[in-house]
Amino acid sequence: MRAFVLGIVAVLALAGAPRPAAATPSMDACTGIIEPGANGVVVLDTPGTWCLDRDHVAGVASSSATRRYINVTADDVTVDCRGHRITSNPASTYDPIAVSTSGRSRVVVRGCGFEGFGWAVTLESGPATGQFLVEDNEFRHNGRAINLNGAGSIVRGNRILDTDHEVALQVSDGGNRVLDNVFDGWTDASFFIWLRGDVEFRGNTLRGMQDGVVYISPYRSMIYVDATDDPHGDGDHVATISDNILVASPYTNGISCGGQVHVADNVLDGFVEALIYDCIDQGDNDISP
Amino acid sequence: MKFLASAALLALAFLLPTSGARAAESYDACTGTVTTLPFTISTPGTWCLKQDLSTAASGAAITVNASNVTLDCNGFRIDGTAAGIGAANRGVAASGRLNVAVRNCQVRGFQYGIVLLGATGGDHLVEHNRLSGNTSFGIFIEGDGSLVRDNQVSMTGGSTLTPHAYGIYARYITDIVDNTVSGVAGNGTSGNIIGIFTLNNTGGTVVGNRVHGLVKAGTTPLRGILNNQSSRMVLVRNNVSGDGSAGGVGITCTSSGSRVKDSVVSGFPTGLSACGDAGRNDITP
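Residues numbered from 1 in each chain as written. Chains lettered and ligands numbered in written order. Predicted model: local features only at pLDDT ≥ 70, side-chain atom pairs only at ≥ 80, totals over all residues. Heavy atoms only, no water.

Draft legend 1. Region of interest: the state of the cysteines. One pass over the structure, following the stated rule, counts six disulfides over all chains. Residue A:C257 pairs covalently with A:C279 via a disulfide, S to S 1.9 Å. Here the disulfide of A:C257 and A:C279 is right-handed, its torsion about the S-S bond being about 85°. Linking A:C257 in strand β26 (residues 253-264) with A:C279 in strand β28 (residues 275-283), this pair joins segments that are 22 residues apart in sequence. Residue A:C257 shares its accessibility class with A:C279, and that shared class is buried. With a sulfur-sulfur separation of 1.9 Å, B:C30 is cross-linked through a disulfide to B:C48. With the S-S dihedral at roughly -95°, the linkage between B:C30 and B:C48 falls on the left-handed side. Taken together, the positions of B:C30 in the loop between α1 (2-15) and β1 (32-34) and B:C48 in strand β3 (residues 45-49) put the pair 18 residues apart, joining distant regions of the chain. If you count the bonded cysteines of chain B from the N-terminus, they pair up as 1-2, 3-4, 5-6. Bonded cysteines in chain A are paired 1-2, 3-4, 5-6 when counted in the order they occur along the chain. (Disulfide = S-S within 2.5 Å. Helix = DSSP H or I, 4+ residues; strand = E, 2+ residues; numbered from the N terminus. Buried < 20%, exposed > 50% of the residue type's maximum accessible area, 1.4 Å probe, protein only.)

Draft legend 2. Spatial organisation of the confidence of the model for chain B. All names here are of chain B. Overall, the prediction assigns chain B a mean pLDDT of 90, with 91% of residues at 70 or greater. Scored below 50 in pLDDT, residues 1-25 makes 28 contacts in the model with residues more than four places away or belonging to other chains. In the model output, the complex is listed with pTM 0.85 alongside ipTM 0.79. (pLDDT = per-residue confidence, 0-100. Contact = heavy atoms within 4.5 Å.)

Draft legend 3. Structural context of the sheet that holds strand β27 (residues 267-269) of chain A. Within the open sheet, the ten strands sit side by side as β4-β7-β10-β13-β16-β19-β22-β25-β27-β29 (chain A). Their pairing is parallel. Among the strands making up the open sheet, the edge pair consists of β4 (56-57) and β29 (286-288) of chain A. (Pairing = 2+ DSSP bridges.)

Right, here's the structure in full:
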């Protein structure tokens, strides 16, 4: 008993010692540090976690060979910017891309700030599933923010601000999830968000679409969902749009649907038409003029 | 021997990190370190704290004089308590900057805990901070495209310079998400006691916040969440509680174009004022 009591005293003494504060993430978990090659671009051809240790200005994009600043050519690669930024080079004459991959799977892009790119992140899988993850990034003043084509992927926790051209987010293939992102500011005349396949779009906030004109085109919608897109030919798809907040700009529509698109528990505020074409109102949507 | 064994076992059980805990990590990603107060950051990048810092000076403890700056306090504290409740001091301050992030800070004892000013600025991020004992404003933020997320703001108020106290004050388009505002009180004379206040926040969102512990000052009614000149806001899943004092309003909107949904409002004679009721709200006086 005495030993036990003394043990408690010792533990309490130790517990009183201050715990180390959670610190800025270490670089220890990084396979390597991202550095551009002689031609000004980065090729990640080895699996692992590749990190930024400072802000980068991308190389000059002057051809198809140099437009992709970080080109991922292996599976199982994580690009972890650890809060640092990648800014496009103002001398670029070719539409620059910050991070891209083609025919790969399980590529992660996290913790980055992207600014000034034609496409910030474009990830396309091969015949196998993509299983991409794009999370906790900030996109600012890019022509288009994210293009993702790969089944079983997630776009989560990103802030996508002031997109200047075409779509802010384009997601294709099956079983993808777009969760808890903020989309704010977009100046093109087509869709803000383009979703294809059986996507789950949940918990997102959208506002700041460019004002429409008096003539209302059905295509001037904040979100366009095409659940009929069936790249693997495995049957009808069902897309789910739930628990989102959509705030309209003048003369804009909310959600335009093709195929089975279930819409539930959203707030759609101020649209000319909140749900158009094939949207299936599953209830608890707050639609206000 | 038995004592050593039992002490060792218990110590291990107590000190082993629980699932999800992170061990101490390095500062490799820091552009620079804030070593003393007051301090001015003039270079973009990530600036870190590696220890608690305090100051008795008026003015700003940390001034951010550049855009694209992240201040990561790594859990350490910035303390201005020594300046007293009559001080016009600020914990972290910026003006007219873009993309300033303040995270993982403990901020205590300033008239303005974190203040990011400027209509021409914006895209700020204030997250994962603990603010306590600040005497007029816990967080004061201006600028479109800003996000105030997952902060604890407690015991705000008591300044002798002004009777007003605000837990979170946001101007222009801002999302205020998953914060806890606990304890907002004045200095005894009539003044605005407001948990979350937004101004010119058209299209902004207030989601998932908890507001409680508001203490009425004088004759001015309590306001849990007040949105002024802010149309088309969306307020979802907020829990707001008052003290039942006369005239209090749980959530105030500019017009019914602002929607309130899935919120619990209690302890206010008026639950919702001028808001559109989007459903599943639980309102109890």
